[in-house]
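Chains, contacts and geometry: an overview
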Amino acid sequence: MRFIAGASALDFSPSLLFHCRKLGPLGRRLTMSSVNSRSQPRDSGGCDEGFITVEEWRRWGPVSPFPAAVKQIVDDLKVLECKLDSPIEFGGNGGKLQGPFGAFEDKKHRATYEALDDPEKKFRFFSARQIACRLLGSRGYLCQKCWLAMEDCMCSNVKPCGLWKQIRFWLYMHPRDFLRQNNTGKLLWQIFGVQSATLCIFGIAEDEEIMWNEFKRAGKSQVRCLYPNQNSEVTFSVEDTFRNSASENPGSSMTDEDKTLHFILLDGTWNNSAAMLKRLKDHAKSVWGDEDLPCISLATGASAMHKLRPQPSWDRTCTAAAAIGLLSELSLLPQLSSYGLDKQADAVEEALVILLDSLTGRRLRMGRSITRKGRNTISIC
């Protein structure tokens, strides 16, 4: 990523000026950079071209407006890049900031994080920064539809398929899974479209507001979370869920949008899923006065992706495989056998195999093993 260096000190946000002053001579050099250096182009034109539009944001999968918190961090990073006359460099797992720029920005963002006294604000800042860095680090490298490296793009092989209109998936994704090449939740909106399988990023206010507005309109009885929460008194089988949520004659309500069943898929590591479920339950309590958000436990087994993304146990599976399991179990119900749910499950399974082949081919080309050991990591800001 290369952009024009230089901007006037007036272009700094107040927070950035404050941190520059704290750095002494280095900070003064940043704020005194000559405006004339704008005329010295790097590879990708001017600094203004580095900012992200809502159109670019939505091409990655979200349906929300470009989040204000993410935009602020992106803008600060791009201004800082111009002031340092040093390109933003990303590398390693998750596209972490590298080099001198990374070291400087790391001190800045940690100071900002520590200055926040509200846990909710800290959490939202963490989520926004994760997304901002991943957006900038993936530009020109990852395909915006399949999130694979350009040379491994699988989009031409994925076949779109309509999802039964009384089902809507919500991919409640942890920010550390956003733009991960081996993420499988992305397959759902690739296949079914963003209105049938909608991305909601954990901790991004605009996304969560859209999702909860839909849940409020539908009512608690129409919302289920796919999670093997065996200790909960409100964990249902697929058969129980449909019996409790739909009418005895589902065909009579096919055109009634209020009868749509909303299924939440937690898209993150198993370590992170507990916090994600807790946030959902806390919000459910504030909306409906009851924190016991109904959960579904599937009878699904391991998917092909276990080869590349091992799970803590074989009864837990990847996001796309969970969707396959749900659709497959629903298709076995006599009252739903005519809605093509088995074909919809097959479409996701085919896409999952295509993704596995793409990821496997890349690893082989790079001389890496096509299997890896399971790792549990802790996300820290």
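If you look the protein chain up in an unreviewed UniProt entry, it shows as tRNA-uridine aminocarboxypropyltransferase from Cardamine amara subsp. amara. The Catalytic activity (unreviewed entry) comment attached to the protein chain in UniProt states, word for word, "a uridine in tRNA + S-adenosyl-L-methionine = a 3-[(3S)-3-amino-3-carboxypropyl]uridine in tRNA + S-methyl-5'-thioadenosine + H(+)".

1. Examining the overall build of the protein chain
Counting its regular elements, the protein chain contains twelve helices and eight strands. Excluding contacts between residues fewer than 6 apart, the proportion of contacts in the protein chain whose partners are at least 24 apart in sequence is 77%. In the form shown here, the protein chain has an accessible surface area of approximately 17900 Å², with 50% of it arising from carbon and sulfur atoms.

2. Topic: the nonpolar core
Counting residues in each nonpolar core, the largest one holds 72 residues, and the members touching the most others are Val70, Leu135, Ile167, Phe169, Phe178 and Leu188. Apart from the residues lying within four places of it in its own chain, the contact partners of leucine 188 are Phe169, Leu171, Gly193, Ala197, Leu265, Ala323 and Val348. In this structure, Trp170, Met211, Val223 and Cys295 belong to the second largest nonpolar core, which totals 19 residues.

3. Quick look at the pattern of salt bridges
For the structure shown, the criterion picks out 17 salt bridges. Between arginine 217 and glutamate 214 there is a salt bridge, and its shortest N-O distance comes to 3.5 Å. Within this pair, arginine 217 and its partner glutamate 214 are both found in helix 8 (residues 205-218), separated by three residues, close to a single helical turn. The exposure class of arginine 217 is partly exposed, given its relative accessible area of 46%. For glutamate 214, a relative accessible area of 21% gives the class partly exposed. Among the ionic pairs, aspartate 282 bridges to lysine 278, the shortest N-O distance being 2.8 Å.

4. Points about helix 12 (residues 341-365)
Taking 1.5 Å as the rise per residue, helix 12 with 25 residues should run 36 Å; its terminal C-alpha atoms sit 37 Å apart, in good agreement. Phi turns positive, to about 75°, at glycine 367, one or two residues after helix 12.

5. Some points on the sheet that holds strand 7 (residues 261-267)
Taking strand neighbours across the sheet as the criterion, the six strands line up as 4-3-7-5-8-6 in an open arrangement whose pairing is parallel. Each of the sheet's edge strands pairs with one partner strand only, and the pair in question is strand 4 (197-201) and strand 6 (235-236). Where strand 3 (residues 167-173) meets strand 7, seven bridges bridge the pair, whose relative direction is parallel. Note on strand 7: the bridge partner recorded for tyrosine 172 is leucine 266. Relative to the sheet, helix 11 (residues 319-331) contacts strand 3, strand 5 (223-226) and strand 7, its axis offset from that of strand 3 by approximately 160°.

6. Side note on unusual backbone geometry
Residue tryptophan 147 is not a glycine yet carries a positive backbone phi of 65°. You can see tryptophan 147 is positioned in the loop between helix 6 (119-138) and strand 3.

7. A closer look at the packing of aromatic side chains
Overall, the coordinates contain 14 aromatic pairs when judged by the stated rule. On the numbers, 5.4 Å between centres and 75° between planes, the contact of tryptophan 147 with phenylalanine 178 is edge-to-face. With a gap of 31 residues between them, tryptophan 147 in the loop between helix 6 and strand 3 and phenylalanine 178 in the loop between strand 3 and helix 7 (186-192) connect regions that are remote in the sequence. Here tryptophan 147 matches phenylalanine 178 in class, with each residue buried. Summarising the aromatic geometry, the rings of tryptophan 212 and tryptophan 288 are spaced 5.6 Å apart at their centres and angled 55° between planes, so their arrangement reads as tilted. Note that tryptophan 212 is positioned in helix 8 and tryptophan 288 in helix 10 (residues 270-288), a separation of 76 residues in sequence. Residue classification places tryptophan 212 among the buried positions, given a relative accessible area of 3%. Overall, tryptophan 288 belongs to the partly exposed group, its relative accessible area being 24%. Of the aromatic side chains, those joined through ring pairs into one cluster are Trp57, Phe66, Trp147, Phe178 and Trp189. Sitting above the plane of the tyrosine 113 ring, lysine 122 keeps its charged end 5.2 Å from the centroid.

8. A short note on the packing of helix 5 (residues 99-115) against helix 6
Packing of helix 5 against helix 6 brings their axes to within 9 Å, and their N-to-C directions diverge by 155°. In terms of axis orientation, helix 5 runs roughly antiparallel to helix 6. Across from Glu105, His109, Thr112, Tyr113 and Glu114 in helix 5, the residues of helix 6 making contact are Lys122, Phe125 and Arg129. Considering only residue class, the contact of helix 5 with helix 6 consists of two nonpolar, two polar and four charged.

9. Here's the deal with the pairing of strand 3
The buried count for strand 3 comes to seven of seven residues, which makes it a mostly enclosed element. Bridge analysis of strand 3 against strand 4 gives five bridges, and the strand direction is parallel. Residue pairing in the sheet places tyrosine 172 in a bridge with cysteine 200 of strand 4. What joins strand 3 to strand 4 is helix 7, and the crossover it makes is right-handed.

10. Structural notes on helix 8
Over its 14 residues, helix 8 runs 20 Å from end to end, which matches the ideal 20 Å to within 8%, given 1.5 Å per residue. Of the positions making up helix 8, those classed as buried are Asp207, Glu208, Met211, Trp212, Phe215 and Ala218. For helix 8, the angular spread of buried residues about the axis comes to 115°, placing them on one side. Buried residues in helix 8 make contact with helix 6, strand 3, strand 4, strand 5, strand 7 and helix 10. Looking at the residues trailing helix 8, positive phi occurs at glycine 219, about 95°.

So, how was this worked out
- Residues numbered from 1 in each chain as written.
- Predicted model: local features only at pLDDT ≥ 70, side-chain atom pairs only at ≥ 80, totals over all residues.
- Heavy atoms only, no water.
- UniProt positions renumbered as here; feature names shortened; annotations may be inferred.
- Helix = DSSP H or I, 4+ residues; strand = E, 2+ residues; numbered from the N terminus.
- Contact = heavy atoms within 4.5 Å.
- Areas by Shrake-Rupley, 256 points an atom, 1.4 Å probe, with all protein chains shown as cover.
- Core = buried A, V, L, I, M, F, W, Y, C linked by side-chain atoms within 4.5 Å.
- Buried < 20%, exposed > 50% of the residue type's maximum accessible area, 1.4 Å probe, protein only.
- Salt bridge = Lys/Arg side-chain N within 4 Å of Asp/Glu carboxyl O.
- Expected span 1.5 Å × (residues − 1).
- Pairing = 2+ DSSP bridges.
- Axes fitted to C-alpha atoms, helices over the stretch in contact; angles between N-to-C directions.
- Phe/Tyr/Trp six-rings, centres within 6.5 Å; stacked < 30°, edge-to-face > 60°.
- Lys NZ or Arg CZ within 6 Å of the ring centre and 35° of its normal.
- Parallel < 35°, antiparallel > 145°, perpendicular 65-115°, else oblique.
- Nonpolar A, V, L, I, M, F, W, Y, C, P; charged D, E, K, R; others polar.
- Right-handed = clockwise from strand over helix to strand, strands pointing away.
- Arc of directions from axis to C-beta.

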